[in-house]
Amino acid sequence: MAVLRLPRIVRRRPVDDDVMDDWESHVRSELALELPDEDINEDLDDCLDFYRPGSKPRCEEAEYLELVRDARDRIARGRTA
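Notes on the structure follow. (Residues numbered from 1 in each chain as written. Predicted model: local features only at pLDDT ≥ 70, side-chain atom pairs only at ≥ 80, totals over all residues. Heavy atoms only, no water.)

**Examining the packing of aromatic side chains**
Under the criterion given, the structure shown has one aromatic pair. Sitting above the plane of the tyrosine 64 ring, lysine 56 keeps its charged end 4.9 Å from the centroid. (Phe/Tyr/Trp six-rings, centres within 6.5 Å; stacked < 30°, edge-to-face > 60°. Lys NZ or Arg CZ within 6 Å of the ring centre and 35° of its normal.)

**What to know about the pattern of salt bridges**
Summed over all chains, the structure comprises five salt bridges. Note that glutamate 24 and arginine 28 form a salt bridge whose closest N and O atoms lie 3.8 Å from each other. Linking glutamate 24 with arginine 28, this pair stays in helix 1 (residues 17–34), spanning four residues, or about one helical turn. Put simply, glutamate 38 and lysine 56 hold a salt bridge, and the shortest N to O gap is 2.9 Å. You can see glutamate 38 sitting in the loop between helix 1 and helix 2 (44–49) and its partner lysine 56 sitting in the loop between helix 2 and helix 3 (58–80), a full 18 residues away along the chain. (Salt bridge = Lys/Arg side-chain N within 4 Å of Asp/Glu carboxyl O. Helix = DSSP H or I, 4+ residues; strand = E, 2+ residues; numbered from the N terminus.)

Following this line, the structure appears as structure tokens:
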């Protein structure tokens, strides 16, 4: 039996500011859980811009930078959705 698959149609709807604030809070909460010992600023770009390379062991540094960049990108994608 063959199954016919149709492509999904994605509709973008306007995102209201309260929903965006909830999304940002959600992403920041997840980041805080993953990096409990870190002091994360409101602006994740500032966290990346003012980060001093070599201030952490190499493995921790790579993980920290990856998690912060991922959170920043998730928030940015949420704004355009």
